[in-house]
Amino acid sequence: MDWGMKNRFSKIIRPDTGRTVMLAVDHGYFQGPTTGLEEPRKTVEQLLPYADALMLTRGVLRTSIDPAVSTPIVLRVSGGTSILKELSNEGLTTSIEDAIRLNVSAVTMSIFVGGEYERQTLLNLSKLVNLGERYGIPVLAVTAVGRDMNRDARYLGLACRIAAELGAHFVKTYFCEDFEKVVRGCPVPLVVAGGKKIPEQDALQLTYNAIHAGAVGVDMGRNIFQSEAPVAMIKAVRSIVHENATVDEASILYNLLKAEETKPKVPAQ
Ligand code: 5RP
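Residues numbered from 1 in each chain as written. Predicted model: local features only at pLDDT ≥ 70, side-chain atom pairs only at ≥ 80, totals over all residues. Heavy atoms only, no water.

1. Things to note about the site of the ligand
Surrounding the ligand, one finds 16 residues, the nearest of these being D26, H27, K172, G221 and R222. H27 places a side-chain nitrogen or oxygen 2.7 Å from an oxygen atom of the ligand. Here an oxygen atom of the ligand sits 2.9 Å away from a polar atom, N or O, in the main chain of G194. Here the ligand, which alone exposes 360 Å², has 96% of that area covered by the protein. Considered class by class, the residues forming the shell around the ligand number six nonpolar, five polar and five charged. (Near = heavy atom within 4 Å. Polar contact = N/O pair within 3.5 Å; in protein donor to acceptor, adjacent residues only side chain to side chain. Areas by Shrake-Rupley, 256 points an atom, 1.4 Å probe, with all protein chains shown as cover. Nonpolar A, V, L, I, M, F, W, Y, C, P; charged D, E, K, R; others polar.)

This is the structure in structure tokens:
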């Protein structure tokens, strides 16, 4: 990695802890106005101070995020599909020049290993890595999982390793049983997605398990912004990722902060 690439990377993965809490709000690029993200500006504003990086598309970045923010941006540059059709048929949607103009810290796209358009998405990744290398911009590969695919260590290990072999600088994947095997087989840092909304305690457990199996952090969306108390939730996740809190400690913190966040506001007299 050259200096520029390392510099960008160090904005995403905190050098003091070697870990990261990324906030993913890119869901609309294929599923439209996702619950909790109907008005991205409102959702993101309250969470931004607690996110080490923000993952989103250029459309939401331009329309909904204050250009004065200091949070590093991980820009999704793949798409072209919707939940109504074959998801793996993605292309690269955003030029590297636009990513540079937007001053992003990394670019990201999905690969669909085993999907109908597997080859196309893997070649997209290779092309993006070539562009990232040219301009010093790290590439985050997302191992998307098709409807019929098993999220087990064998499959995720395969997808993560392929992403790393093609040159991805870090990889986002799902947590699974025997996640250590996925980590061991992947020579670049891994962050985990949260997946569909689950109870807060379970999402905290997932975070803890992933970190203790070797992930460098999370790139979490729905389990934060769909939580009853999103700010409390991201703070609780941070306590595990950056402060080595246990699940019980993080749950206590979540419940304390939730009580505060959900307290009815008394109108000023
Ligand atoms: C879609 C993505 C999403 O950003 C990802 O799924 C993360 O969000 P969540 O924690 O809600 O799963 O990359 O491919």
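Having put the structure on the table, let's press on.
2. A look at helix 3 (residues 40–47)
Buried within helix 3 we find P40, T43, V44 and L47. Axial view of helix 3: buried residues confined to an arc of 85 degrees, hence all on one face. Turned more than 90 degrees from where helix 3 packs its buried face, K42 and E45 sit exposed. Looking at the packing, one finds that the buried side of helix 3 touches strand 1 (20–24), strand 2 (53–56), helix 4 (58–64), helix 10 (222–225) and helix 11 (230–243). (Buried < 20%, exposed > 50% of the residue type's maximum accessible area, 1.4 Å probe, protein only. Helix = DSSP H or I, 4+ residues; strand = E, 2+ residues; numbered from the N terminus. Arc of directions from axis to C-beta. Contact = heavy atoms within 4.5 Å.)

3. With respect to helix 11
With 14 residues, helix 11 extends 19 Å between its outermost C-alpha atoms, agreeing within 8% with the 20 Å of an ideal straight helix rising 1.5 Å per residue. Taken across its 14 residues, helix 11 has twelve buried, putting it largely inside the fold. Within helix 11 the residues assigned to the buried category are P230, V231, A232, M233, I234, A236, V237, R238, S239, I240, V241 and H242. (Expected span 1.5 Å × (residues − 1).)

4. Considering the pattern of salt bridges
Overall, the coordinates contain twelve salt bridges when judged by the stated rule. Two residues, D26 and R76, come together in a salt bridge whose shortest N-O distance is 2.6 Å. With D26 in the loop between strand 1 and helix 2 (28–31) and R76 in strand 3 (residues 73–76), the pair connects residues that are 50 residues apart, well separated along the chain. A salt bridge links K172 to D219; the shortest N-O distance between them is 3.1 Å. Note that K172 is positioned in strand 8 (residues 170–173) and D219 in strand 10 (residues 217–220), a separation of 47 residues in sequence. Exposure remark for K172: the relative accessible area of 8% places this residue in the buried category. On the accessibility criterion, D219 (1% relative accessible area) is buried. A cluster of three or more residues bridged by salt bridges with shared partners is formed by R58, R62, D98 and R101. (Salt bridge = Lys/Arg side-chain N within 4 Å of Asp/Glu carboxyl O.)

5. Some thoughts on the packing of helix 11 against helix 12 (residues 247–261)
The axes of two packed helices give the description: the angle between them and the distance between them. The contact between helix 11 and helix 12 brings their axes to 8 Å, and the two run at 160 degrees. One finds that helix 11 runs roughly antiparallel with respect to helix 12. In the packing of helix 11 onto helix 12, the handedness of the crossing is right-handed. Every residue of helix 12 that contacts helix 11 at P230, V231, A232, M233, K235, A236, S239 and I240 is listed here: A250, L253, Y254, L257, K258 and E261. Among the residues making up the contact of helix 11 with helix 12, the classes are represented as ten nonpolar, one polar and three charged. (Axes fitted to C-alpha atoms, helices over the stretch in contact; angles between N-to-C directions. Parallel < 35°, antiparallel > 145°, perpendicular 65-115°, else oblique. Left-handed = near helix turned anticlockwise from the far one by under 90°.)

6. Considerations on unusual backbone geometry
Of note in this structure, D178 is not a glycine but carries a positive phi near 60 degrees. Within the secondary structure layout, D178 lies in the loop between strand 8 and helix 8 (179–184). By relative accessible area, which is 40% here, D178 ends up partly exposed. Within the chain, N244 stands out as a residue other than glycine whose phi angle is a positive 60 degrees. Along the chain, N244 falls in the loop between helix 11 and helix 12. Here N244 falls in the partly exposed class, since its relative accessible area comes to 47%.

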